[in-house]
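Working through the structure, step by step
Each chain, letter by letter, is given below.
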Amino acid sequence: MTTERYDARNAEPKWQKAWDEAATFTTKNDDPRPKYYVLEMFPYPSGRIHMGHVRNYAMGDVVARVKRAKGFNVLHPMGWDAFGLPAENAAMERKVHPREWTYSNIATMRGQLKSMGLSLDWSREIATCDPSYYRHQQKLFLDFLKVGLVDRKKSKVNWDPVDNTVLANEQVIDGHGWRSGAPVEIRELTQWFLKITDFSEDLLTALDGLDRWPDKVRLMQKNWIGKSEGLLVRFVLEGAPDGFSEVEVYTTRPDTLFGASFVAVAPDHPIAQDVAKSDKKLTAFIEEARKTGTSAAAIETAEKHGYDTGISAVHPLDPSRKVPVFVANFILMDYGTGAIFGCPAHDQRDFEFATKYHLPITRVVANGPEDHPQVPLLEADSAEDGTLVNSDFLNGLSVPEAKNAVAKKLEAKNLGNRPVGKRQVNYRLRDWGISRQRYWGCPIPIIHCEEHGAVPVPDDQLPVTLPDDITFDRPGNPLDHHPTWKNVPCPICGKPARRETDTMDTFVDSSWYFARFTAPDADVPTIRNVADHWMPVDQYIGGIEHAILHLLYSRFFTRAMNKAGYTSVSEPFAGLFTQGMVVHETYKANGEWVSPADIVMTGEGASRSAATKSGAIVEIGSIEKMSKSKKNVVDPDDIIAHYGADTARWFMLSDSPPERDVIWTESGVEGANRFVQRLWRIVQGVADIAPQPKPETFSDAATALRRTTHQTIAAVDENVEGLRFNVAVAKLYELSNALATQLAAKDKDASLLFALRESGETLVQLVAPMTPHLAEECWHALGKTGLVAEAEWPKAEGSLLVSDTITLPVQVNGKKRDEITVAVTATPAEIETIVRKLDSIVRASDGKPVKKVIVVPQRIVNVVV
RNA sequence: GCGGACGUGGCGGAACUGGUAGACGCAAGGGACUUAAAAUCCCUCGCCCGAAAGGGAGUGUGGGUUCGAUUCCCACCGUCCGCACCA
C-alpha cells in the first residue's frame, strides 16, 4: 500500500485536460436525453475572481455534475457581463482602452475559472461587449420598438456640471458628484424607455407560480411592483388661476373622505407651477423642496413642509365644506396624480402635517366605543378593521364597505360630463429608462433625422459598432465627441443625420444572456425552438443583491421576447437560489486595514492575538464581507495554488447553509484539506482490495457498512436536490468514517471485502461533484476505466434503506427513560406489553398508575402516568 | 414607520410532517507513534450535582395548545435584511 500524499497541483491540471480532450462538458442541442439547464449569474470581468465566485460556481457545478451523472443533457455555460462603467474609469485613470482592459480581465478570469475545474461548456462562452452579442441586442431593441414596447420620453437625471456627465445614483455622494465633488443638478433629458409597466399585473400575478423561488425574493418583487387599488377623486377649486377649475387626487382610502382637512399637491404639480409664476415665496418654497429631494440622508431628516396657496377645494360629498390647498414637499409628482387629500386622523404623514399647520384632525374610523370622535388623537390610526363614524351616510359601515360606498357614489355623480370618482389600480413600478450617456455599452440603434425624427437603423446596417478611436481626455460621452461616428445619412431620406449617442443600461445585456446561451452562434438573437427547448433555466444561482432589478428585468425581457416572437416561454428562471456572501475577519494596525496575508496569528480561541510581519500589533476587528477597501480578501488563486481547487470547493460547500454567509477561516480550509488527504488515504486502502464478486450472504459488519453506504446515497441525493450542500457534506463525512473504521478491522471476511470495495467506489462517486479532480484520481486508483465525471450516478438499494429491527425511544411523560429494540413488524399492543414490564419504566413511573401508553409506529413510545 | 427572516454547545451548524436535541465539522483536552516536530491514529468533549451509577434543568424570555414543542399559537427582547414621505 502506498502512502503518498495527494498532490493536487499535479492532479488538477491533468484531469482538466482529460475532460477537455473527452469533451465531457460540451453540450449538444439535439441530444435526446431530458434537458437540465443550470446557470450561475455571469460575472463582471473586474480583473480577478473572488471567493464569492468560487462559492457560487462550486454550488452550480455540484448541481450540474449530479444532473449529468443522473442522465440529463445538462446545459451549463459561462459568459461575461462585460459592459459597464469600471472599464471607462480604468480608461481615464490608467490610459488603457476599455476594450483592452475588459478582454485582458476576461482572459485572466477565464484562466482562474478553468483552474477551478468547473464542468462548463466553454464552447458557448459569450461576452456582452462583443459585437457578435450586442448586434442581436440591437435587433431585439428594434423589434421591441415594432411591437410597441419602447417609448421615448423626458426623464430626470443626476447631472454633474463640472464633468458634464450624467451620474448613476451610486456616483452621487451626499448630493455631490463622486469625482468632481460638484453639487449634482437634476436635469431633464429625453431618454429611451422599455415599457415594463405593460406587464405590471402579469409580473405580479406570475410570482405565485414561481414556487422554486425564495419567498423572500418574491415578496421583494411584489413590494417593488407595488400594486394598490384606489380611487381618483376630482375636487372643484375656488380661487385658482384660470384653467385650473379642479384638481384630481388619488387615494387608497376613499372611506376617510369625510376626515379630509386639506388637499396637497406636489411641488412639480402644474397648479403649483402656475401659482408660482406670480408668487415668489412659492417659487422659493419649490426650489427648497427640490433640494431636499435628492439625497437619502436629507429625506430621512426632512420635516414636512407645506405652502398654503390660498386656493380652496370643495368637498365632493359635501359642497358646504371647503379645505385649503397646499403645496407640500412630501407629495411625489410621479405617483398617482401628484395630488392627495389629507386625512390627518388616519395617516401619519397627514397627521404630522396637520399638527404643524393647525388643521383639524377628525376621527372618521373608530375601532370601538373607546374611540369617541371627540377624544384627541396623539398619532394617526390606520384603523383598517374599524367602523365609520362622523361620516354622514357612511356611519356604521366597515372600512371596505365604506370604500365601496364612496366609490359608487362618486362614480354616479357627474361634474361637467365626467364622473367625480373613478376606481383606479396603481403600480409603483415605473418604466425602465435604458439610456446611458456613456461609451462602454451597447449603442442604441437609432438615427435622428431633422425631418423624420428617430429612425430605426435598418437591419442590414446592424450592428452599430462602437468606434475604437475614442479618447477620455474630455468630460462627457466620447461617442458624442467623436468627430465622425455620429454623422450618418438618414435611412429614409438620405440627408445628413446623427446617430443616437446614448448606449444601453448594462442591465439590458444581462436580461437575455441566458436565452443567447441556448444558441450562442446563431445569426439571429435566438433560435425559437432551441430557446423553447432549453428554457426556462431549471436552476439559477446568484447573489441576493439581484433580487429585484436583474431578476425583474429578465422576467420582463423574456415576456418582451415572447411578444416579439423569439420564444414561447415567459418566465426565464423556474428555480432560483440566492447564496450568501463570503465574509472574513478584518484586521487593523496603526489605524490602517491589514490584509490577512500580511499578519501572523498566535494563540487560539479567546487568547488569539495578531501582529504584522514587521511586528506591529494588529487589532482583530469584526467579520465583514470580503472587500478590497477593508483588505479582508483572500485570493482564490493563492488558495488553489496552496491547497488545490478541490479543497477550496469542499470548504465552500461545507458547514454553512448555502443561503447564509460563510466565514472564511484558515482552520476551516485546513479542515477541508485534511478531508481531501484522508479520502485519498482511505481510497488507497480500498484499492488494495481486489474487486470482489457479490457474495450470497453478508456478515453483520458488511451489512452495517452497506446500509450506511446506501443510506448515504439516498441522503446525498435528497440534500443535493434541496441544495443543502452542507448536510450532504456531513453525510459524506459519516460514510468516510464508517468506511475507515471497517477498513481498519483485523479479520475481514469476503462479504466485508465486497462491502468495502462497494463503499469506497460509491464514496468516490458521491464526492465527485464536489471535489472532481480528487475523485478522478481516486477512480483511477481503484482501477476504474473512464472518467468518474461520465459515470452513472449510484442508486440506493431500497432493501438496505430499511431494517428488520428498530430502536424506539421510550418516554415517561415526555421524558426519555429508555429504549427498546423490536422487530419492525411489532404491533403497538406487543410494544406496549414490553414497555410496561421494563424496569426502567416501572422505576421512573414512581409507583403511579399508568394512564395510557402512546405508541407512534416507527417513532416513539410515550408512557403517561 | 411598514414588511420579512432569524435566535440551538466555545464556534459553524444538524434535527423528516409535532416524536431520542446537539448529526457532521472546527476549536479544545488527554493518549499512541516519533530522537523531536509535522502528519496520522485512538479517546474525551453543551451546562449543573455526583467518585461513579445516576439525576436535574435546558433550543433568546414569559405564557399557551399537546401524551409529547427547537418545530404550532400569543406577548416580549435581540439580531439581520428589504422597502419607504407611494396617498
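Note that the coordinates shown come from a computational prediction; the quantities given were computed from them, not determined experimentally.

1. Some details on the overall build of chain A
Secondary structure assignment for chain A yields 27 helices and 39 strands. Judged by the C-alpha coordinates and their principal axes, chain A covers about 105 × 85 × 65 Å. Counting over 865 residues, chain A shows a buried share of 51%. Long-range pairs, those at least 24 residues apart, make up 71% of the contacts in chain A with a sequence separation of at least 6. Per element, the accessible surface of chain A, about 39,700 Å² overall, is 51% carbon and sulfur.

2. Concerning the pairing of strand 24 (residues 453–456)
Taken together, the 4 bridges between strand 23 (residues 446–449) and strand 24 define a ladder with antiparallel strand orientation. Along strand 24, the bridge assignment pairs Cys449 with Gly453. Hairpin connection from strand 23 to strand 24: 3 residues lie between these consecutive antiparallel strands.

3. Focus on helix 21 (residues 700–721)
Helix length check: helix 21, at 22 residues, gives a terminal C-alpha distance of 32 Å against a target of 32 Å (1.5 Å per residue), a fit within 8%. Looking only at helix 21, the buried set comprises Ala702, Leu705, Arg706, Thr709, His710, Thr712, Ile713, Ala715, Val716, Asn719 and Val720. Where helix 21 is buried, its residues contact helix 2 (51–69), helix 22 (725–743), helix 23 (750–767) and helix 25 (798–801).

4. Considering the pairing of strand 30 (residues 582–589)
Burial of strand 30 is extensive: 7 of the 8 residues sit out of reach of the surface. For strand 30 and strand 35 (residues 662–663), the ladder comprises 2 bridges, and the chain directions are parallel. Opposite Val583, over in strand 35, you have Ile663 as the bridge partner. With 5 bridges connecting them, strand 30 and strand 34 (residues 617–625) associate as antiparallel partners. Residue pairing across strands places Lys588 opposite Glu619, the latter belonging to strand 34. Relative to strand 31 (residues 592–594), strand 30 runs antiparallel, the two sharing 3 bridges. From the neighbouring strand, Lys588 faces strand 31, where its bridge partner is Trp593. Connecting the antiparallel pair strand 30 and strand 31 is a turn made up of 2 residues, with Asn590 showing a positive phi of about 50 degrees.

5. Description of the confidence of the model for chain A
Should the pLDDT be low somewhere, the predicted coordinates at that spot are not to be read in detail. Per-residue confidence for chain A gives a mean pLDDT of 89, with 95% of residues at or over 70. No element of chain A has a lower mean pLDDT than helix 10 (residues 296–301), which averages 39, and none a higher one than strand 2 (residues 73–75), which averages 98. Ignoring residues within four places in sequence, the model shows residues 293–301, a span with pLDDT below 50, making 6 contacts including any to other chains. The complex model carries a pTM of 0.91, and its ipTM stands at 0.94.

6. With respect to unusual backbone geometry
In most cases, non-glycine residues show a negative phi, while peptide bonds are predominantly trans. Cis rather than trans, the peptide bond between Leu462 and Pro463 has omega equal to 0 degrees. Following Met535, the chain continues into Pro536 via a peptide bond in cis, with omega recorded as 0 degrees. Looking at the secondary structure, you find Pro536 in the loop between helix 16 (528–534) and strand 28 (539–543). Here Asp655, not a glycine, exhibits a phi torsion of approximately 65 degrees, which is positive. Mapping Asp655 onto the fold places it in the loop between helix 19 (645–653) and strand 35. Residue classification places Asp655 among the exposed positions, given a relative accessible area of 63%.

7. Re the sheet that holds strand 2
Picture the strands of a sheet paired through backbone hydrogen bonds; they go either parallel or antiparallel. Here 4 strands make up an open sheet; going across it, the order is 2-1-28-29 and the pairing parallel. Either end of the sheet is taken by a strand with one partner, and the two such strands are strand 2 and strand 29 (576–579). Neighbour-to-neighbour, the strand axes of the sheet open up by a mean angle of 20 degrees, direction not taken into account. Alignment of strand 1 (residues 35–40) against strand 28, held across 3 bridges, turns out to be parallel. Across the sheet, Leu39 pairs through a bridge with Tyr540, a residue of strand 28. Along the sheet face, helix 2 touches strand 1, strand 2, strand 28 and strand 29 and points at about 175 degrees away from the line of strand 1.

About the cut-offs
Residues numbered from 1 in each chain as written. Chains lettered and ligands numbered in written order. Predicted model: local features only at pLDDT ≥ 70, side-chain atom pairs only at ≥ 80, totals over all residues. Heavy atoms only, no water. Helix = DSSP H or I, 4+ residues; strand = E, 2+ residues; numbered from the N terminus. Buried < 20%, exposed > 50% of the residue type's maximum accessible area, 1.4 Å probe, protein only. Contact = heavy atoms within 4.5 Å. Areas by Shrake-Rupley, 256 points an atom, 1.4 Å probe, with all protein chains shown as cover. Pairing = 2+ DSSP bridges. Expected span 1.5 Å × (residues − 1). pLDDT = per-residue confidence, 0-100. Axes fitted to C-alpha atoms, helices over the stretch in contact; angles between N-to-C directions.

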